[in-house]
Amino acid sequence: MPDIQLPTMCPKCGGVITPGDIFCSHCGYALVAQPIHIGQQINIILISLLLPPFGLVYFFKYFKSENSSNKRIGYIAGVLTIVSTIFVTWTTIGVWQGIQQTFSQYPSLSY
Ligand SMILES: [Zn+2]
């Protein structure tokens, strides 16, 4: 897959900047937010889905990012974390109710 690098605009002055620039050549704005590599993006999505609390780390790290694609990944991580958390909570409640039902079948074990 070719690494397509689209022209990017400085978030401060709107001047065209070269991807990978650390500072805007027009106004000197610090372009610290580098685009996240596609492999890292996949990692973030998987972590958000499989390890819900850690997805929030990426959400808080990237949702304020100057880089729009990084920002999008931040929001994706946040949404996936919420969806995953709801799913895990729902599953846990289901398992817990199953355990309670199992115990209720043995009155001697319950108080
Ligand atoms: Zn600029």
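Quick look at the structure, then. (Residues numbered from 1 in each chain as written. Predicted model: local features only at pLDDT ≥ 70, side-chain atom pairs only at ≥ 80, totals over all residues.)

1. Focus on the nonpolar core
Generally speaking, soluble globular proteins have nonpolar side chains that are buried together. Within the largest apolar cluster, eight residues are counted, these being Ile-36, Ile-44, Tyr-58, Phe-59, Tyr-62, Ile-73, Ala-77 and Leu-80. Elements supplying a minimum of two residues to this core: α2 (52-62) and α3 (68-104). Sequence-distant contacts of Tyr-58, defined by excluding residues within four places in its chain, comprise Ile-44, Ser-48, Gly-74 and Ala-77. (Core = buried A, V, L, I, M, F, W, Y, C linked by C-beta atoms within 7 Å. Buried ≥ 20, exposed ≤ 12 C-beta atoms within 10 Å, placed from the backbone. Helix = DSSP H or I, 4+ residues; strand = E, 2+ residues; numbered from the N terminus. Contact = placed C-beta atoms within 7 Å.)

2. Quick notes on the packing of α2 against α3
Interaxial distance between α2 and α3 falls to 8 Å at its minimum, and their mutual angle equals 155°. One way to sum up the angle between α2 and α3 is to call them roughly antiparallel. Taken as a pair, α2 and α3 cross one another with a handedness that is left-handed. Every residue of α3 that contacts α2 at Pro-52, Gly-55, Leu-56, Tyr-58, Phe-59, Lys-61 and Tyr-62 is listed here: Asn-70, Lys-71, Ile-73, Gly-74, Ala-77, Gly-78, Leu-80, Thr-81, Ser-84, Thr-85 and Val-88. A class-by-class count of the residues in the contact of α2 with α3 yields nine nonpolar, seven polar and two charged. (Axes fitted to C-alpha atoms, helices over the stretch in contact; angles between N-to-C directions. Parallel < 35°, antiparallel > 145°, perpendicular 65-115°, else oblique. Left-handed = near helix turned anticlockwise from the far one by under 90°. Nonpolar A, V, L, I, M, F, W, Y, C, P; charged D, E, K, R; others polar.)

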